[in-house]
Amino acid sequence: MTTDIHDAVQVVEAASVMGLLPARPRLLALGEPSYGENVPLDLRNELFRQLVERDGYQTIAIESDCLMGLIVDDYVTSGTGTLDEVMERGFSHGFGASAANRELVSWMRAYNHGRPASHRLRFAGFDGPLEITAAASPRQALTALHAYLIARVDAGLLPCTAETLDRLLGADDRWTDPAAMMDPSRSVGRTPEAEQLRLLADDLVTLFDTQTPHLVAVSSRDDWDRARLYGRTATGLLGYHRWLADPSPARMRWLLALRASMMAANLLAIAERGPALVHAHNAHLARDPSTMRMGDLPLEWWSAGAIVSARLGEDYAFLATALGTIRHRGVHAPPADTIEGLLYALGEDRYVVDARRLAAVLGDATPAPRESAWFGYSPLDPARLASNDGIVFVKDIPAGQAWWPVS
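Residues numbered from 1 in each chain as written. Predicted model: local features only at pLDDT ≥ 70, side-chain atom pairs only at ≥ 80, totals over all residues. Heavy atoms only, no water.

A.B. asks: Tell me what's going on with the overall build of the protein chain, and back it up with residues and numbers.
C.D. replies: Helix and strand counts for the protein chain stand at 17 helices and 10 strands. Considering only C-alpha atoms, the protein chain reaches an extent of 70 × 55 × 40 Å along its principal axes. Here the protein chain holds 407 residues, and 54% of them are scored as buried. Here the analysis covers contacts within the protein chain between residues at least 6 apart in sequence; of these, 78% occur between residues at least 24 apart. For the protein chain, the computed accessible surface area is about 17400 Å², with 53% contributed by carbon and sulfur atoms. (Helix = DSSP H or I, 4+ residues; strand = E, 2+ residues; numbered from the N terminus. Buried < 20%, exposed > 50% of the residue type's maximum accessible area, 1.4 Å probe, protein only. Contact = heavy atoms within 4.5 Å. Areas by Shrake-Rupley, 256 points an atom, 1.4 Å probe, with all protein chains shown as cover.)

A.B. asks: Quick rundown of the sheet that holds strand β8 (residues 316-325)? Include the residues and the values.
C.D. replies: Strands sit in the order β1-β9-β10-β8-β2-β5-β3-β4 across an open sheet of 8 strands; the sheet is mixed. Bordering the open sheet on either side are β1 (9-10) and β4 (122-127), each of which pairs with just one other strand. Where β8 lies against strand β10 (residues 390-396), 6 bridges are found, and the strand directions are parallel. In the strand pairing of β10, leucine 323 is matched with valine 394. (Pairing = 2+ DSSP bridges.)

A.B. asks: How would you explain the pattern of salt bridges if you had to name every residue and give the values?
C.D. replies: Within this structure, the stated rule accounts for 26 salt bridges. A salt bridge links aspartate 172 to arginine 139, with the nearest nitrogen and oxygen atoms 2.9 Å apart. Taken as a pair, aspartate 172 in helix α9 (residues 172-175) and arginine 139 in helix α7 (residues 139-150) lie far apart in primary sequence, 33 residues in all. The class for aspartate 172 is partly exposed, based on a relative accessible area of 32%. Measuring nitrogen to oxygen at the nearest pair gives 4.0 Å for the salt bridge that ties glutamate 272 to arginine 221. With glutamate 272 in helix α13 (residues 251-273) and arginine 221 in helix α12 (residues 221-244), the pair connects residues that are 51 residues apart, well separated along the chain. A single network of salt bridges, built from pairs that share partners, joins Asp73, Asp74, Arg122, Asp222 and Arg226. (Salt bridge = Lys/Arg side-chain N within 4 Å of Asp/Glu carboxyl O.)

A.B. asks: Give me the packing of aromatic side chains: which residues, what numbers.
C.D. replies: When we look at a pair of aromatic rings, we describe it by the centre distance and by the angle of the planes. Within the structure shown, the criterion is met by 12 aromatic pairs. When the centroid spacing of 5.7 Å and the interplanar angle of 25° are considered together, the rings of phenylalanine 208 and tryptophan 224 count as stacked. Taken together, the residues span a long stretch of sequence, with phenylalanine 208 in helix α10 (residues 192-210) and tryptophan 224 in helix α12 at a distance of 16 residues. Phenylalanine 208 sits in the buried class, given a relative accessible area of 3%. For the ring pair tyrosine 351 and phenylalanine 393, a centre distance of 5.6 Å and an interplane angle of 35° mean the geometry is tilted. Remark: phenylalanine 393 occurs in strand β10 and tyrosine 351 occurs in strand β9 (residues 350-354); sequence separation between them is 42 residues. On the basis of relative accessibility, which here comes to 0%, the residue phenylalanine 393 falls in the buried class. Put simply, the rings of Tyr35, Phe95, Trp403 and Trp404 touch in pairs and so form one group of aromatic residues. It is arginine 115 that lies over the ring of tyrosine 111; its NZ or CZ is 3.7 Å from the centre. When the ring centre of tyrosine 344 is taken as origin, the NZ or CZ atom of lysine 395, which lies over that ring, is 4.9 Å away. (Phe/Tyr/Trp six-rings, centres within 6.5 Å; stacked < 30°, edge-to-face > 60°. Lys NZ or Arg CZ within 6 Å of the ring centre and 35° of its normal.)

Below you can see the structure in the form of structure tokens.
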């Protein structure tokens, strides 16, 4: 069996990845099974360079705040700001601390320098403005959409003034209170002001949509795209805050599903612009339902990848990444009867495997699920192997490559 599996193994490069697929996808999604290590991100960077040069990809989208990502995009396309400022202010979840992310941004800026706008690489965050412990105020998205519209359409059509939005929004720290994540009563998401803001946001987005022919004619494509991003982010955030304030058992499933929906909407918009490499945790990009347990409560929802795959079909492809060892985090050599164990035994440092061919080779010999000694590593699910287009395997992650602290 090892010989048969070895026959499915190829070097991780654009040509071998594309060889697994029926055609060039508009969204090529590369997952990672853990956060905090630069090695998988270095691999991502090299694959993106090859996709740019060989296959005409022009955008990379990562699991980071979609509004903060505009700061990075401005830097790589036009040099706005400094690299240090961009790494500090352009990433959420602490991702700006990664040396690999810094190298990516620096390379994209150098690549774009002197190129015409139509040939420049683009950067996008596709997560909502959502951290683990808090959601952002909808202020930035709402006021930016309002400002875009008031500069371009008859002011009499707008459902409110900027002053009304400011009054209803109130202080931003009311929205970002981290206590609201565990205590619905601390959320402002179902106050009368928040409910009115939801209605106004819907009206602003509807006005934007009904004025599309005019707005496209009087705007640059980038300005129009950004206004559309502001609109879907505003409505998404207001919906998220609404469910933060809900005390029912459905609350957490709604929050997880809403985040996935916001991610998916951003990815579908990115796909309209042209082919893009997408990078995030495997769980966000897989075609299968996502699952987790909070105490005694099992949770299941459709991931962003599942939603996008249902919409795009073969224009969406997903490569899951698996790791052999991260010894400095307590993840040692995988058992031989797991998928990771079978791949680890092949001896190669890093490679890509045709997941469906691997599933066919295994046949009825379903591997055992791997147990992770570190909560931050998510092993492959052997029952879902064939729903991936490929598996990128990295045998060992050396110490000294972490950008999250090793405890």
